[in-house]
Amino acid sequence: MDINLSNKPFDYYFIPDNPYLLLTPGPLSTSKSVRTVLLRDWCTWDDDYNSIVQEIRAELVRLATSKSGYTSVLMQGSGTFSVESTIGTMMPKENGKLLVLTNGAYGERIGQITKYLNIPCVIHNSGELHIPDLERLEQELKQDSSITHVAVVHCETTTGILNPVAEIGRIVKQYPKIFFVDAMSSFGGIPFDVAEIHADFLVSSANKCIQGVPGFGFIIARTEELQKCAHNARSLSLDAYAQWIEMEKGKGKWRFTSPTHTVRAFKQALVELQEEGGIPARYKRYSENHKILVEGMEQLGFETVIKKEWQSPIITSFHSPKSEKYQFKKFYELLKSKGFVIYPGKLTGLDAFRIGNIGHIFPDDIRNLLAAIKTAIFW
Ligand SMILES: *Cc1c(COP(=O)(O)O)cnc(C)c1O
């Protein structure tokens, strides 16, 4: 193999292609060039590495908003670690109460976190097939003045439903409460401005729409609010305030071992997001993936679960076929053998499966998937 013919790092040629595409909401399929940059080691406290961390932090804020007054913190672990870190850090130790609007497993998880952390909490469950009830939200905020914070998931990945965060944020700020948004599966894939949706804290992770590999999450915060959060944290390692201070003072230094390879890959993923044309272009590609998928699936006789007006282009739930001969496991294995990994359903009381449109996935991949599904129908 001649390594001098291309400006690509020579190791690029040794990276094997993936055996299948992940049509899942994270970890998802990444580009070969993102995976290639994982191939070298970095010193966790060296300037070379810390400057990458600082570039990432600045770029995340730039992607999040055109307004000033926002900052970002990176946190080790999967996305849930960043959700737990933010909740445990933003909620005051006393006299704090969180209202959680939930319509799926990730909203439920926020409620579960408050139980573990002994944080007073009220839960409004609008059911998995509906967006939150905005009138009920307003009533609750009117009646219960002890509520200090409101939390909601943007794209509830359980179903693919997209919650109206801007409208919710507007109501939250009328009272005025602190607003937390779990934008794990939407940040980088759906255009929005953190300031315009009135989010004080917003969380996402490396392995969703930015198309990096798993290993850390990140918090976009209104600086003024984060500054008030010293000594709130219920956990040493998940103290987002302490992590922020360390990153600010140490110019990109993490408190504990940082996921260096993952961070380097994330930097490459950000470069590729920009090369693609930024978030609007990525949104367009995901939307096209979604449109082709739904049209093709409907032609094959499948039905979507979520109302079209609420459906996100991130992930789509389909009702399982009614036939008694249908088994998800067999369908899954057949598709996997043809190069596609789909996702089981996560709904309670409804038989469904999910197909993700995010990641290094293009319209032709979706067309090939549809052809594979057509031949995999065994019922
Ligand atoms: C993926 C995801 C999370 C985090 O899940 P992890 O498995 O911890 O990475 C949280 N909320 C939503 C909406 C998600 O899609």
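Everything numeric here is computed off the predicted structure, so don't read it as measured data. (Residues numbered from 1 in each chain as written. Predicted model: local features only at pLDDT ≥ 70, side-chain atom pairs only at ≥ 80, totals over all residues. Heavy atoms only, no water.)

Caption draft 1: The arrangement of the domain arrangement of the protein chain in detail. For the protein chain, the domain assignment lists domain 1 (11-31 + 277-376) and domain 2 (34-273). Using only C-alpha atoms to locate each centre, domain 1 and domain 2 end up separated by 26 Å. Facing 37 residues of domain 1, the contacting portion of domain 2 comprises 35 residues. Of the roughly 3100 Å² buried at the junction of domain 1 and domain 2 (both faces included), carbon and sulfur atoms supply 59%. Linking domain 1 with domain 2 are 0 salt bridges, by the criterion used here. Looking at the side of domain 1 that touches domain 2, the elements with two or more residues in it are helix 10 (278-299) and strand 11 (315-319). Top contributing element to the side of domain 1 that touches domain 2 by residue count: helix 10, with 7 residues. For the side of domain 1 that touches domain 2, a count of residues per class yields 19 nonpolar, 13 polar and 5 charged. (Domains from an automatic or database assignment. Contact = heavy atoms within 4.5 Å. Buried area = accessible area lost by both parts, 1.4 Å probe. Salt bridge = Lys/Arg side-chain N within 4 Å of Asp/Glu carboxyl O. Helix = DSSP H or I, 4+ residues; strand = E, 2+ residues; numbered from the N terminus. Nonpolar A, V, L, I, M, F, W, Y, C, P; charged D, E, K, R; others polar.)

Caption draft 2: Seen up close, the site of the ligand. Taken together, Ser78, Gly79, Thr80, Tyr106, Arg109, Val153, Cys155, Thr157, Asp182, Met184, Ser185 and Lys208 make up all the residues around the ligand. The contact in question runs from a nitrogen atom of the ligand to an N or O atom on the side chain of aspartate 182, over 2.7 Å. Here the ligand loses 86% of its free accessible area of 380 Å² to cover by the protein chains. Put simply, the ligand lies in the largest pocket. Contributions of two or more residues to the shell around the ligand are made by helix 3 (79-90) and helix 4 (105-116). Residues that form the shell around the ligand fall into these classes: 4 nonpolar, 5 polar and 3 charged. (Near = heavy atom within 4 Å. Polar contact = N/O pair within 3.5 Å; in protein donor to acceptor, adjacent residues only side chain to side chain. Areas by Shrake-Rupley, 256 points an atom, 1.4 Å probe, with all protein chains shown as cover. 1 Å grid on protein atoms, 1.4 Å probe; cavity = no way out; pocket = protein on both sides within 12 Å on 5 of 7 lines; lining within 4 Å. Sits in = over half its atoms within 2 Å of the grid points.)

Caption draft 3: A look at the packing of helix 2 (residues 47-64) against helix 8 (residues 240-249). Between helix 2 and helix 8, the least distance of the axes is 11 Å, while the angle of their chain directions is 115 degrees. Helix-helix and strand crossings are classified by hand; for helix 2 and helix 8 the assignment is left-handed. Here helix 2 contributes Val53, Gln54 and Arg57 to the contact with helix 8, which in turn contributes Trp244, Met247 and Glu248. Residue classes in the contact of helix 2 with helix 8 are distributed as 3 nonpolar, 1 polar and 2 charged. (Axes fitted to C-alpha atoms, helices over the stretch in contact; angles between N-to-C directions. Left-handed = near helix turned anticlockwise from the far one by under 90°.)

Caption draft 4: Highlighting the nonpolar core. With 78 residues, the main nonpolar core has Phe187 and Leu202 as its most contacted residues. It is helix 2 that contributes the most residues to this core, 8 residues altogether. Each residue touching phenylalanine 187, except ones within four places of it in the same chain, is listed here: Leu60, Leu63, Ala64, Phe192, Leu202, Ser204, Cys209, Ile210 and Phe218. With 23 residues, the next largest nonpolar core counts Met297, Phe302, Phe353 and Ile373 among its residues. (Core = buried A, V, L, I, M, F, W, Y, C linked by side-chain atoms within 4.5 Å. Buried < 20%, exposed > 50% of the residue type's maximum accessible area, 1.4 Å probe, protein only.)

Caption draft 5: Structural detail: the packing of aromatic side chains. Evaluated as defined, the whole model comprises 16 aromatic pairs. When the centroid spacing of 6.2 Å and the interplanar angle of 80 degrees are considered together, the rings of phenylalanine 302 and tryptophan 379 count as edge-to-face. Of the two residues, phenylalanine 302 sits in the loop between helix 10 and strand 11 while tryptophan 379 sits in the segment after helix 12 (363-376), which places them 77 residues apart along the sequence. You can call tryptophan 379 partly exposed: its relative accessible area is 23%. When the ring centre of tryptophan 42 is taken as reference, the NZ or CZ atom of arginine 40 above it lies at 3.6 Å. One residue, arginine 285, lies across the ring of phenylalanine 362, its end atom 4.6 Å from the ring centre. (Phe/Tyr/Trp six-rings, centres within 6.5 Å; stacked < 30°, edge-to-face > 60°. Lys NZ or Arg CZ within 6 Å of the ring centre and 35° of its normal.)

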